[in-house]
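# Report on the structure
Take a look at the letters that make up each chain.
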Amino acid sequence: MSDLKSALQRLGIAADHRAIWIGGESKIGSGATLIGRSPIDGSTLSTFTAASTADVSRVLSSSREAFQIWRDIPAPARGEFVRRVGNRFRELKSELATVISWEAGKITQEALGEVQEVIDICDFAVGLSRQLYGLTIATERPGHRLAEQWHPLGPIGVITAFNFPMAVWAWNAALAWVCGDPVIWKPSEKTPLCAIACQAVVASVMKEMPNEIPPGISSVLIGTGSDVGEALSAAPELPLISATGSTRMGQAVAQRVAARLGRSLLELGGNNGMIVTPSADLELTIRAIVFSAVGTCGQRCTTLRRLIVHESLADEVVRRTKSIFERLPIGDPRQTGTLIGPLIDEAAFRAMQHALQQAQSEGGIVHGGARITEGVPAGGFYVRPALVEFSQPSPSIVREETFAPILYVLRYRELAEAIAMHNDVPQGLASSIMTTDVREAELFCSAAGSDCGIVNVNVGPSGAEIGGAFGGEKATGGGRESGSDSWKAYMRRTTNTINYSRDLPLAQGIRFEV
Ligand code: NAD
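Presented here is a report on the structure given in the accompanying data block. Note that this is a predicted model, so its numbers are computed, not measured.

## Description of the overall build of the protein chain
Helix and strand counts for the protein chain stand at 14 helices and 25 strands. Relative to the 2.2 N^0.38 estimate, which gives 24 Å for 514 residues, the radius of gyration of the protein chain is 24 Å and therefore close to what a compact globule would have. Seen along its three principal axes, the alpha-carbon backbone of the protein chain occupies a region of about 80 × 60 × 40 Å. By residue count, 56% of the 514 residues in the protein chain fall in the buried class. Pairs at least 24 residues apart make up 74% of the contacts formed inside the protein chain by residues separated by at least 6 positions.

## Notes on the packing of helix H10 (residues 282–294) against helix H11 (residues 314–326)
As a packed pair, H10 and H11 sit with axes 10 Å apart at the nearest point and diverge in direction by 50°. Our classification of the angle between H10 and H11 gives oblique. Once H10 is placed against H11, the crossing between them reads as right-handed. Here H10 contributes Leu282, Glu283, Ile286, Ile289, Val290, Ala293 and Val294 to the contact with H11, which in turn contributes Glu316, Val317, Arg320, Thr321, Ile324 and Phe325. Here the contact of H10 with H11 is composed, by residue class, of 9 nonpolar, 1 polar and 3 charged.

## Details of the pairing of strand E4 (residues 44–49)
With 5 bridges connecting them, strand E3 (residues 33–37) and E4 associate as antiparallel partners. Each bridged residue has a counterpart across the sheet, and for Ile35 the counterpart in E4 is Thr47. Counted along the chain from E3 to the antiparallel partner E4, the turn is 6 residues long, and its residue Gly42 has a positive phi close to 75°.

## Topic: the site of the ligand
Close to the ligand lie 27 residues, the nearest being Thr160, Glu189, Ser246, Leu268 and Glu401. Between the ligand and Thr160, the relevant distance is 2.8 Å, taken from an oxygen atom to a main-chain nitrogen or oxygen of the residue. Here Glu401 contributes a side-chain N or O atom positioned 2.6 Å from an oxygen atom of the ligand. For the shell around the ligand, the secondary-structure elements that each account for two or more residues are helix H8 (225–234) and helix H9 (247–259).

## Some words on H11
Here H11 is 13 residues long and its end C-alpha atoms lie 18 Å apart, about the 18 Å a rise of 1.5 Å per residue gives. Three or more residues of H11 are buried, namely Ala314, Val317, Val318, Thr321 and Phe325. Take H11 and look down its axis: the buried residues cluster within an arc of 95°, on one side only. Seen from the open side of H11, the exposed residues pointing more than 90 degrees away from its buried face are Asp315, Arg319 and Glu326. The elements touched by buried residues of H11 are H10, strand E13 (304–310), strand E17 (386–389) and strand E18 (406–412).

## A look at the sheet that holds strand E6 (residues 144–152)
Strands sit in the order E5-E6-E25 across an open sheet of 3 strands; the sheet is antiparallel. Of all the strands in the sheet, just strand E5 (136–137) and strand E25 (491–499) have a single pairing partner and so form its edges. The sheet contact formed by E5 and E6 spans 2 bridges and is antiparallel. The partner of Thr136 across the bridge, within E6, is Ala147.

## Observations regarding the pairing of strand E9 (residues 218–221)
Here E9 shows no split at all, with Ser218 and Val220 on one side and Ser219 and Leu221 on the other all buried. The pairing of strand E1 (residues 20–22) with E9 spans 3 bridges and is antiparallel. Residue pairing across strands places Ile20 opposite Leu221, the latter belonging to E9. Pairing between strand E8 (residues 183–186) and E9: 3 bridges, direction parallel. Across the sheet, residue Trp185 finds its bridge partner in E9, namely Val220. Tracing the backbone out of E8, into helix H7 (residues 192–208) and back to the parallel element E9 gives a crossover that is right-handed.

## Some points on the sheet that holds E13
The sheet built from 7 strands is open, its strands ordered E14-E17-E18-E13-E12-E20-E21 with mixed pairing. This sheet does not close on itself; its edge strands, each paired only once, are strand E14 (365–367) and strand E21 (454–457). Neighbouring strand axes in the sheet, compared pairwise and without regard to direction, differ in orientation by 20° on average. Sheet topology note: the E13/E18 ladder contains 5 bridges and is parallel. Within E18, the position partnered with Val309 by the bridge is Arg411.

## Quick word on the nonpolar core
The nonpolar side chains of soluble globular proteins are, as a tendency, buried together. In this structure, Phe81, Phe89, Trp169, Trp177 and Leu307 are the most contacted members of the largest nonpolar core, which totals 160 residues. With 12 residues, the single largest contributor to this core is helix H6 (residues 167–179). Residues within four places of Phe89 in sequence aside, it is in contact with Leu96, Val115, Val118, Ile119, Met166, Trp169, Cys198 and Val201.

## Quick notes on the state of the cysteines
All told, the structure shown has 0 disulfides when counted by the stated rule. Cys445 forms no disulfide, and the closest cysteine sulfur to it belongs to Cys452, at a distance of 12 Å.

## Structural notes on the environment of Thr303
Along the chain, Thr303 turns up in the loop between H10 and E13. For the pair formed by Thr303 and Pro461, sequence separation is 158 residues and the distance between their alpha carbons is 6.8 Å. At 3.4 Å, the side chain of Thr303 forms a polar contact with the backbone oxygen of Gly298. Of the polar contacts made by the side chain of Thr303, one reaches the backbone nitrogen of Arg300; its length is 2.9 Å.

Calculation rules
Along each chain, residue indices are assigned from 1 in the same order as the chain's sequence is written. Given that this is a predicted model, residues contribute local features only at a pLDDT of at least 70 and side-chain atom pairs are listed and counted only at 80 or more, while totals for whole chains, interfaces and linings are drawn from all residues. Excluding hydrogens and water, the side-chain values take into account all heavy atoms of the structure. Strands here mean DSSP runs of E at least two residues long; helices mean DSSP runs of H or I at least four residues long; both are numbered from the N terminus. Here the radius of gyration uses the C-alpha set of atoms, whereas the globule reference equals 2.2 Å times the residue count to the power 0.38. Relative accessibility under 20% of the residue-type maximum defines a buried residue, over 50% an exposed one, and the middle range a partly exposed one, all with a 1.4 Å probe and only protein chains included. Two residues qualify as a contact provided that any one of their heavy atoms is within 4.5 Å of a heavy atom in the partner residue. Comment: axis = line fitted to C-alpha atoms, over the contacting stretch for helices; angle = value between 0 and 180 degrees taken between N-to-C directions. By the definition adopted for this analysis, an angle is roughly parallel if under 35 degrees, roughly antiparallel if over 145, roughly perpendicular if from 65 to 115, and oblique otherwise. Crossings are assigned a handedness: left-handed for a near helix turned anticlockwise from the far helix by less than a right angle, right-handed for a clockwise turn. Only Asp, Glu, Lys and Arg are considered charged in this grouping, and only Ala, Val, Leu, Ile, Met, Phe, Trp, Tyr, Cys and Pro are considered nonpolar; every other residue, Gly among them, is considered polar. Only strands that DSSP links by at least two bridges are regarded as paired with each other. Residues are classed as near a molecule or strand on a simple rule: at least one heavy atom within 4 Å of it. Within 3.5 Å is the distance limit for a polar contact, defined as a pair of N or O atoms, with the added protein rule that one can donate a hydrogen and the other accept it, and that residues adjacent in sequence qualify only through two side-chain atoms. One less than the residue count of a helix, multiplied by 1.5 Å, gives the span that helix is expected to have. Here the arc refers to the set of directions running from the helix axis out to each C-beta atom. Throughout, right-handed denotes a crossover for which the path from the first strand over the helix to the second runs clockwise when the strands point away from the viewer. Among buried residues, the Ala, Val, Leu, Ile, Met, Phe, Trp, Tyr and Cys ones that are joined through side-chain atoms within 4.5 Å form a nonpolar core. For this text, the term disulfide refers to a pair of cysteine sulfurs within 2.5 Å.

Without other data, these values stay purely geometric and don't point to any function.
Spelled out as structure tokens, the structure:
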């Protein structure tokens, strides 16, 4: 664990962990003890006295105060702060990746990729800080101007999942900051050190810009969903709650936020599919299947879970995928050459075994999926990815997201049938089609094709870039984060009618003489 200790030291994180952070100031919480364990070997990484509901109000008021100052700072100047945050992430990339590997179990390549995603969204947000455009609209009245302005919204509550312990916060924070909003972050209780590490980076940039940045624009509360998460969702001081996690969590958050007529931005579970048509380039297809199905040990919201293969290719695709699954290097995620690290914890392992049993009881033929204990660190939950073949079209287990490396294989005859099978799940996050036939590709991307938020051709469903809007439909929650015009969620729009004439013509030609 010496690599983690020196990474934390380089990041300036003290050994006594504090649960409440406002800028560089920290405090212990008034909640229960929270112990953070590593999925690598089950070792204890952190002990926090967690924040509780009682601690939320102080953070809310400092965010409100910060908002009064931050909203008046010009957006490009807010962008300068984000530019420096991104640069600091560049400098500390390897230390931050080490913290991700220890807490979330990601292999080094993927952990570095996650920090890169933080850097990329900071760069994107810096550019955006000069592009928060409103429209000017043709008006029906002479001597008038009709235009839109975008203003900061207010402090934003950000609730995140364990599997992207830095990137998802950054998607929200970098955009919220340039838009003029403070951020209060409640990270997953499974990855608190990642959050403290990000906060330390942000605080070090604040120190470089004394008197320019109100510390309350960046706060962290380490606590559980049932107290801190619920308290944030219910807080009228937060006009927007951005929540990433399971669909069950999203339903709870959405109801609380809706009860006070707040806005929620939901990024929830996926159940992502890939259709492989007879014209597919098989070399490319097999590589796309393997990365999407087993990367991050099947713990990505965009993980490929359902492979819908034309019956003419199914045997070959299954044979080749199975044979790769059987020899994938699984083990300590920090070791060079490892492609699959551990599941996050024992509960994830049990959920995986439970899903495999159900699949079997529904007629599935299960290959792989067992726990590995040889050649891996003791105390972690390492598994061989599972491939499950079904001959019937719609077993019920296939409709559920199990957050583990299980790939269900279904067969089809006609493309229309494949698209119907593809869309016949509650979730709607990511999807893909492997084909060299332009008609099939375009049909899949059309209104009659995939019903997901992410629709790919000849690329697996996982591994999005930050430049596009990220999110999904149906039980995935409908939110969009990251690139494109996602920034609009973090601002409020005003429509301005400006009369520079000496008359007062009314819209729709209404006459009202007084
Ligand atoms: P989770 O739902 O268990 O927890 C996510 C976060 O919600 C945590 O911070 C947790 O403390 C909090 N939370 C839990 N209950 C809450 C409540 N009632 N009120 C407020 N907050 C509450 O999810 P997880 O196990 O950490 O992550 C895995 C899930 O996240 C998967 O379903 C995955 O698909 C999803 N996910 C989605 C995306 C996306 O962008 N669509 C990205 C990453 C992960």
